[in-house]
Amino acid sequence: MDEVKVGIVGLGNVGMGTLTILAENQEQIALKLGFRLRVTAVCSRSVESKKLPAALGPVFQTTDWRELVKHPDVQIVAELVGGTVVAAEILDAAIEHRKSVVTANKELMAASGPEIWDRAIRAGINLAMEASVCGGIPIHAVLREGISGDRVMALYGILNGTCNYILTEMEKRNVPLEVVLKEAQRLGYAEADPSADVDGYDARSKLVLLAALAFGEKITPSDIFMEGIRRITEVDFRYARQLKHSIRLICGARRIPEGIILSVRPALIPASTILAGVQGAYNAVWVKGEYGEDTFYYGWGAGALPTGVAVVSDLMRVAREIRSGSPERVSPFAHERLGGNKPVPVTLQKRCYFLRFRVDDRPGIIAKLAGILASKKIGLEAVLQEPCDTKHDLPFVITTEETSEQSIREAVEEMSGLDFLNEAPLALPMETAL
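Asker: Can you walk me through the pairing of strand β12 (residues 293–300) in this structure?
Answerer: In regular strands, side chains alternate between the two faces of the sheet. Here eight bridges tie strand β11 (residues 282–289) to β12, and the two strands are oriented antiparallel to one another. Paired with V285 across the bridge in β12 is Y297. Two successive antiparallel strands, β11 and β12, enclose a turn made up of three residues.

Asker: Could you clarify how one ought to interpret the packing of helix α6 (residues 139–146) against helix α10 (residues 201–215) in this entry?
Answerer: Helix-helix packing is described using two parameters, namely the angle between the two axes and the distance between the axes. For the pair α6 and α10, interaxial distance at closest approach is 9 Å and the crossing angle is 15°. One way to sum up the angle between α6 and α10 is to call them roughly parallel. Viewed along their axes, α6 and α10 form a crossing whose handedness is left-handed. Touching I139, H140, L143 and R144 of α6 are L210, L213 and A214, all from α10.

Asker: How should I be thinking about a nonpolar patch on the surface in this particular structure?
Answerer: Nonpolar side chains collect at one region of the surface, where V81, V85 and V86 lie side by side and expose about 240 Å² of accessible area between them. Positionally, V86 belongs in helix α4 (residues 85–96).

Asker: What am I meant to see in the pattern of salt bridges here?
Answerer: A side chain with one charge can pair with a side chain of the opposite charge if their charged atoms come near. All chains considered together, the criterion is met by 31 salt bridges. Note that D202 is salt-bridged to K106, the shortest N-O span being 3.2 Å. Of this pair, D202 sits in helix α10 while K106 sits in helix α5 (residues 106–123), and the two are 96 residues apart along the sequence. K106 sits in the partly exposed class, given a relative accessible area of 25%. Taking the shortest distance from any N to any O, the salt bridge between E423 and R231 comes out at 3.5 Å. Linking E423 in the loop between α14 (405–415) and β17 (426–430) with R231 in the loop between β8 (225–226) and α11 (234–242), this pair joins segments that are 192 residues apart in sequence. The partly exposed category is assigned to E423, whose relative accessible area is 30%. A relative accessible area of 33% means that R231 is categorised as partly exposed. The network of salt bridges with shared partners includes R231, D236, R356, R358, D393 and E423.

Asker: Any chance you could explain the packing of aromatic side chains here in plain terms?
Answerer: We describe a pair of aromatic rings using the distance from one ring centre to the other and the angle between the two ring planes. This structure, assessed with the given rule, holds five aromatic pairs. A ring pair is formed by Y165 and Y189, whose centres lie 4.8 Å apart and whose planes are at 55°; its orientation type is tilted. Here Y165, found in helix α7 (residues 161–173), pairs with Y189, found in the loop between α8 (177–187) and α9 (195–198); they are 24 residues apart in sequence, far enough to count as distant. Looking at Y165, the relative accessible area reads 9%, which means it is buried.

Asker: What is the right way to look at the sheet that holds strand β5 (residues 100–103) in this model?
Answerer: Strand pairs in the sheet, formed through backbone hydrogen bonds, run parallel or antiparallel to each other. Reading across from one edge, β3-β2-β1-β4-β5-β6 is the order of the six strands in this open sheet, with parallel pairing throughout. Strands with a single pairing partner mark the edges of an open sheet, and in this sheet they are β3 (60–62) and β6 (127–128). One ladder, built from seven bridges, connects strand β1 (residues 3–9) with strand β2 (residues 36–43); its direction is parallel. Bridging from a neighbouring strand, V6 pairs with V39 of β2.

Asker: Help me out: how do you make sense of the nonpolar core in this one?
Answerer: The tendency in soluble globular proteins is for nonpolar side chains to be buried as a group. Among the nonpolar cores identified, the biggest contains 103 residues, and I139, L143 and I166 are the most heavily contacted of them. For this core, the element with the highest residue contribution is α10, accounting for 10 residues. Beyond its immediate sequence surroundings of up to four residues, I139 is in contact with E130, V133, C134, L210, V285 and Y297. Judged by nonpolar contacts, the second largest core, of 31 residues, contains I8, L11, L37 and L52.

Asker: How do you make sense of the packing of α7 against α11 when you look at a structure like this?
Answerer: Contact geometry of α7 with α11 gives a least axis separation of 9 Å together with a crossing angle of 70°. With respect to α11, the axis of α7 lies roughly perpendicular. Considering only the axes of α7 and α11, their crossing is right-handed. Across from L167, M170 and E171 in α7, the residues of α11 making contact are E234, F237 and R241. Here the residues of the contact of α7 with α11 are counted per class, giving three nonpolar, no polar and three charged.

Asker: Honestly, the pairing of strand β15 (residues 394–400) in this entry has me stumped. Any pointers?
Answerer: Among the seven residues in β15, seven count as buried, and that is most of the element. Here β15 shows a buried face lined by L394, F396, I398 and T400 and a second buried face lined by P395, V397 and T399. Pairing between strand β13 (residues 350–359) and β15: six bridges, direction antiparallel. Across the sheet, residue L355 finds its bridge partner in β15, namely I398. Bridge analysis of strand β14 (residues 380–384) against β15 gives four bridges, and the strand direction is antiparallel. Pairing of L380 across the sheet is with T400, part of β15.

Cut-offs applied
- Residues numbered from 1 in each chain as written.
- Predicted model: local features only at pLDDT ≥ 70, side-chain atom pairs only at ≥ 80, totals over all residues.
- Heavy atoms only, no water.
- Pairing = 2+ DSSP bridges.
- Helix = DSSP H or I, 4+ residues; strand = E, 2+ residues; numbered from the N terminus.
- Axes fitted to C-alpha atoms, helices over the stretch in contact; angles between N-to-C directions.
- Parallel < 35°, antiparallel > 145°, perpendicular 65-115°, else oblique.
- Left-handed = near helix turned anticlockwise from the far one by under 90°.
- Contact = heavy atoms within 4.5 Å.
- Patch = residues over 30% accessible without salt bridge, like charges linked within 9 Å, V, L, I, M, F, W, Y side chains within 5 Å.
- Areas by Shrake-Rupley, 256 points an atom, 1.4 Å probe, with all protein chains shown as cover.
- Salt bridge = Lys/Arg side-chain N within 4 Å of Asp/Glu carboxyl O.
- Buried < 20%, exposed > 50% of the residue type's maximum accessible area, 1.4 Å probe, protein only.
- Phe/Tyr/Trp six-rings, centres within 6.5 Å; stacked < 30°, edge-to-face > 60°.
- Core = buried A, V, L, I, M, F, W, Y, C linked by side-chain atoms within 4.5 Å.
- Nonpolar A, V, L, I, M, F, W, Y, C, P; charged D, E, K, R; others polar.

Dropping the structure here:
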């Protein structure tokens, strides 16, 4: 049986998971392809300490990725090292040597993906990146091919498993974020430096890619409004529960008459929605089409084997293209060329809002806050206050009628100067469109 030959750069969790699948599932892969997908080379700085699956047979091993890229028995290079500097060099070199590329690198593809694709097209090779977003969910394939005949109107996702684990544990156990974060680090869900996850950077890179696929526009990370979860407390979940809502880090993208609004931020979502039921380190994406209406995708967002499945599936797709020699390649961004329209400011968004305050209690506080909201033409929907033992750090919540993000920001800025506040108000949108 003929074969297509693969080189793997990076033998961390995803790299080793990919090798495991290629070894243990090689017969099924060959039956599906009609030829074998054979690993001929691997590269890692610690390759000597790695135990490769015996079923792979003889494999060229190196600590220098350049040797792998140049190796005559490598037709597809799988870049699984992460980061942007070395990874970009690997992709550039592979394209220069006319080797097709599979990558799981969301950060690099969010920053430079369209340019890398253009170079790949000119070189006559393919580029695939399914594993870059929602490792165990084939959301790229869905947007690129599965529902490509539709016009996407909105896309909402839980794209960061670390944040979702933290938030759902806070909700279930009524414990502070700091406690759950330490547990997540101990379990391997969160890095020693969790900033990329809890501050929203990881989710933002993923939304860049999904927005390009869904809407056909070239988005950069700086185009997207981003807010992390550090200010969310167990108190917020208690009040959200009273409102029959939950709190998740939501990656949102939707069309409005003025253009596309993109954001990564914690938001209240109705407890009755499917997204509110997404627990732990799982990811999920809800897509609304103009014609096909609602579709929903759910699964592991990370992990060696779920992400490895996405990498292997990409390797299979690229291998078929190599064997068929097709000159017509489907762009990994689902559009032949991406447009240059920038997202419209999130300040145009209109939502009801959840405002949480911590105050030194005294008479007249509600009247003062209501007066500021009224001056911005923001109506009050409800005031919620749980019994509290102390009057020196009293939490309570005001929910508003629908208003613009701009109006809420102006109100919060004015409120932040009030002397009875212990911290600036927390403002969370209430997503009712889900």
